[in-house]
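Residue-level structure breakdown
Each chain is listed here by its residues.
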Amino acid sequence: AQKVTQAQTEISVVEKEDVTLDCVYETRDTTYYLFWYKQPPSGELVFLIRRNSFDEQNEISGRYSWNFQKSTSSFNFTITASQVVDSAVYFCALSEAWGTGNQFYFGTGTSLTVIP
Amino acid sequence: DTGVSQDPRHKITKRGQNVTFRCDPISEHNRLYWYRQTLGQGPEFLTYFQNEAQLEKSRLLSDRFSAERPKGSFSTLEIQRTEQGDSAMYLCASSRLRDPESSGANVLTFGAGSRLTVL
């Protein structure tokens, strides 16, 4: 069965600090997709990144970076030089490969507060 | 296109009443999804449509819940005889049938949600 665990419920950092949000997943599928979404106080989930199970390259996008390690079933998200606007709930999600593509399994989220 | 729209944003109702939520997806998206999110939890899948066909329903979707997408465009989610346990944020999302950038799982674009409070 698919499962996503985000062990960090809440994190607080001071502005400009780096912060890493952890995500551990479980699946029996060999082909799967991992996502990170951001949910600001307004409530709308905003897509950040998608990664397929065959691509273990780390990715950097501005202040955001993602570290995907199949060996530990982890897909961690790092924000460098955090800003107040980064305050939100961040969700990691796992999806089955194409053919179904309908089920996203979300973790319980990590609430990040960046203190000015 | 302004994204996925949901209406109403907030609904307060008394236990036993019926409520209906509407979702307008991104126009070129064939797939439409409903998720439910309770406080401190991630979104949970309820159901999804491909065009007007409802292809899958979660066991979370009890008989009191019904979703429709009659013309393959907007969708409605109705909850009959609401219970306090139905209080949650109901999220709608849409996606393309096939993502041109990937042969795999599509990116879901979410609306801002409809928050239901059952008194």
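Up top is the structure these notes are about.
The text that follows walks through the structure, step by step, so that each part is easy to find. (Residues numbered from 1 in each chain as written. Chains lettered and ligands numbered in written order. Predicted model: local features only at pLDDT ≥ 70, side-chain atom pairs only at ≥ 80, totals over all residues. Heavy atoms only, no water.)

**Focus: the side chain of B:Asp86**
Residue and element names in this part refer to chain B. Relative to the helices and strands, Asp 86 is located in the loop between β8 (75–79) and β9 (88–95). A distance of 2.8 Å separates a polar side-chain atom of Asp 86 from the backbone nitrogen of Glu 83. Among residues more than four places away in sequence, those in contact with Asp 86 are Arg 64, Phe 65, Ile 79, Leu 116 and Val 118. (Helix = DSSP H or I, 4+ residues; strand = E, 2+ residues; numbered from the N terminus. Polar contact = N/O pair within 3.5 Å; in protein donor to acceptor, adjacent residues only side chain to side chain. Contact = heavy atoms within 4.5 Å.)

**Considering the pattern of salt bridges**
All names here are of chain A. Counted under the stated rule, the structure contains six salt bridges over all chains. The residue Asp 55 makes a salt bridge to Arg 51 at a minimum N-O spacing of 3.1 Å. Look at Asp 55 and you get partly exposed, because its relative accessible area is 23%. Where Arg 63 meets Asp 86, a salt bridge forms, and the shortest distance between an N and an O atom there is 2.8 Å. Taken together, the residues Arg 63 in the loop between β7 (59–61) and β8 (64–69) and Asp 86 in the loop between β9 (74–79) and β10 (88–96) connect sequence positions 23 residues apart. Accessibility expressed as a relative area gives 24% for Arg 63, which makes it partly exposed. Under the relative-accessibility criterion, Asp 86 is labelled buried at 1%. The structure contains a network of salt bridges with shared partners spanning Arg 51, Asp 55 and Glu 59. (Salt bridge = Lys/Arg side-chain N within 4 Å of Asp/Glu carboxyl O. Buried < 20%, exposed > 50% of the residue type's maximum accessible area, 1.4 Å probe, protein only.)

**As for unusual backbone geometry**
With omega at -5°, the peptide bond leading from B:Asp7 into B:Pro8 counts as cis. Along the chain, the position of B:Pro8 falls in the loop between β1 (5–7) and β2 (10–13). Its identity is not glycine, yet A:Lys16 carries a phi of approximately 85°, on the positive side. Residue A:Lys16 is classed as exposed on the basis of its relative accessible area of 68%.

**Observations concerning the sheet that holds β1(B)**
Residue and element names in this part refer to chain B. Pairing in this open sheet of four strands is antiparallel, and the strands run β1-β3-β8-β7 from one edge to the other. The open sheet has two edge strands, β1 and β7 (65–68), and neither has a second partner. Neighbour to neighbour, the strand axes of the sheet diverge by 15° on average, direction disregarded. Here three bridges tie β1 to strand β3 (residues 19–24), and the two strands are oriented antiparallel to one another. Bridge pairing links Ser 5 to Asp 24 in β3. (Pairing = 2+ DSSP bridges. Axes fitted to C-alpha atoms, helices over the stretch in contact; angles between N-to-C directions.)

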